[in-house]
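Chain by chain, the residues:
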Amino acid sequence: MAGMIPSPDLLATGVGALPHRDPDAACRAVLAAFPRIPYVPTLPNRGLLEAIVFADAEHLPGGVVRDARLVVDRSADPSEAMERVLLDYLERNAEPYRVGEAYGSGFHAMMTRDLSDALLVKCQVTGPVTFGMQVVDETRRPILYDPEYADLLGKLLGLRARWCETAMRERMGARATLVVLSEPYLASLGSSVVPVDAGVAASAFEDIAALLDGGLGIHCCANTDWGFVLGLAPAVVSIDAWTYAREFLLYADDIARYMERGGVVAWGIVPADYSVFAAENPDSFFSRFQDIRARATETIDPDLFDRQSLITPTCGIRNASEREAVAIMAATASLSRRLRGEEP
């Protein structure tokens, strides 16, 4: 069962995507900015197969790409492949769900590095809600609304996450691991337009958590039912704090209890959108975070808040040049050092 991670004490890391096309260059950029908590970059600009959802659909029963969209084709009966996933899940057999280089060039490049000196190594996997809402059947109905696929997704992505966790530990030398589920579609919780059933979401998360030994986190770059997310007890809750801190802090009592149990909040305080980033400066990032800290510590013990906080950009950095992405990562690392008292 997934557990908690070492307290980050205001260290910094990244979220996911980078604009780079060269995976070795992307890994060098990550390690230069975040040596204590490096993350495996995803590189969607290299092609469709490395984009969110597609990157984790490599072993989806019945999955095909049509007109740049993932579709489940039931004309070739996927039931045997679905049964194989369920059996592998029960046997904890993750090897068949490895990340192919065409789907995760950044992962393969990072596997050549020795990260044994890092506090923690982090990677991203598409979350089951986002996956299930983005992949559709022949009628364009999201597969999250199909009971068979809704039950399958947590198990399929759990096997993917377990393979990633094992690779980070055995191939990169990670002392501690964190797999973060990218879940922008959690914003649909409670929606009457594009509804997401909370029970289905919770069950899928629990299926993934049951396969992991290290940390399992959730990243949602939109506003959502944060009480529900915190109640799942992930190791990390990663948010766009630049935009949604006020809404998140409405759950201050829940956040306090979550941190007391060892949970970490990744405060996305440096804008990943370069046009927003470029209009700000290091002092504005510092001031914005100090305002968040002041409000949070009206409820949360200040030492606990600092100990269980991680500093990140607001989201993955894709719509920027490589130079601009490096600047965003450098600003995030600098803010962390300033908050930790390591630079003025």
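Preceding this paragraph is the structure being described.
Reading the values: rules and limits
Residues numbered from 1 in each chain as written. Predicted model: local features only at pLDDT ≥ 70, side-chain atom pairs only at ≥ 80, totals over all residues. Heavy atoms only, no water. Helix = DSSP H or I, 4+ residues; strand = E, 2+ residues; numbered from the N terminus. Rg over C-alpha atoms; globule rule 2.2 N^0.38 Å. Buried < 20%, exposed > 50% of the residue type's maximum accessible area, 1.4 Å probe, protein only. Contact = heavy atoms within 4.5 Å. Areas by Shrake-Rupley, 256 points an atom, 1.4 Å probe, with all protein chains shown as cover. Pairing = 2+ DSSP bridges. Axes fitted to C-alpha atoms, helices over the stretch in contact; angles between N-to-C directions. Expected span 1.5 Å × (residues − 1). Arc of directions from axis to C-beta. Salt bridge = Lys/Arg side-chain N within 4 Å of Asp/Glu carboxyl O. Parallel < 35°, antiparallel > 145°, perpendicular 65-115°, else oblique. Left-handed = near helix turned anticlockwise from the far one by under 90°. Nonpolar A, V, L, I, M, F, W, Y, C, P; charged D, E, K, R; others polar. Phe/Tyr/Trp six-rings, centres within 6.5 Å; stacked < 30°, edge-to-face > 60°.

A. Structural context of the overall build of the protein chain. Looking only at helices and strands, the protein chain features 13 helices and eight strands. Its C-alpha radius of gyration of 19 Å places the protein chain within 12% of the 20 Å reference for a compact globule of 344 residues. Every one of the 344 residues in the protein chain was classed for burial, and the buried ones make up 57%. Looking at the protein chain alone, contacts between residues at least 24 apart form 76% of all its contacts between residues at least 6 apart. A total of about 13700 Å² of accessible surface is found on the protein chain, and carbon and sulfur atoms cover 49% of it.

B. Just the sheet that holds strand 7 (residues 264–270), in detail. Ordered by their spatial adjacency, six strands build an open sheet running 3-4-5-6-7-8, and the pairing between neighbours is parallel. The sheet is open, and its two edges are formed by strand 3 (121–126) and strand 8 (309–313), each paired on a single side. For this sheet, the mean inter-axis angle between neighbouring strands, taken without regard to orientation, is 25 degrees. Against the sheet, helix 6 (residues 198–211) engages strand 4 (177–182) and strand 5 (215–220), with an angle of about 145 degrees to strand 5. On top of the sheet, helix 9 (residues 252–260) reaches strand 6 (236–239), strand 7 and strand 8; it is set at about 120 degrees to strand 7, its chief contact.

C. Geometry of helix 11 (residues 282–296). In a regular helix each residue adds 1.5 Å, so 15 residues correspond to 21 Å; helix 11 covers 21 Å between its end C-alpha atoms and thus fits that length. If you check which residues of helix 11 are buried, you get S284, F285, F289, I292 and A296. Buried residues in helix 11, looked at end-on, bunch into an arc of 130 degrees, giving them a common side. Of the surrounding secondary structure, the elements contacted by the buried residues of helix 11 are helix 8 (241–248), strand 7, helix 10 (274–278), helix 12 (302–307), strand 8 and helix 13 (322–339).

D. Main features of the pattern of salt bridges. Under the counting rule described, the total for this entry stands at 20 salt bridges. The closest approach of N and O atoms between E95 and R98, which form a salt bridge, is 3.5 Å. By relative accessible area, which is 47% here, E95 ends up partly exposed. Judged by its relative accessible area of 31%, R98 falls in the partly exposed class. With a shortest N-O distance of 3.3 Å, E247 and R246 are connected by a salt bridge.

E. The packing of helix 1 (residues 23–33) against helix 13, seen in detail. In the contact formed by helix 1 and helix 13, the axes pass within 9 Å of each other and the chain directions differ by 20 degrees. Judged by the angle between their axes, helix 1 and helix 13 are roughly parallel. Seen along the crossing, helix 1 lies across helix 13 with a hand that is right-handed. Across the interface between the two elements, A29, V30 and A33 from helix 1 touch V326, M329 and A333 from helix 13. Taken together, the residues that form the contact of helix 1 with helix 13 break down as six nonpolar, no polar and no charged.

F. Local environment of the side chain of S336. With respect to the helices, strands and loops of the structure, S336 is situated in helix 13. Each residue touching S336, except ones within four places of it in the same chain, is listed here: L10, L11, A12 and I311.

G. Region of interest: the packing of aromatic side chains. Counted according to the given criterion, the structure contains 10 aromatic pairs. Note on F107 and W163: the rings are 5.6 Å apart at their centroids and 45 degrees apart in plane angle, and the pair reads as tilted. In this pair, F107 is assigned in helix 3 (residues 105–110) and W163 in helix 5 (residues 147–170), connecting sequence segments 56 residues apart. Across the pair, W163 and F107 agree in class, each one buried.

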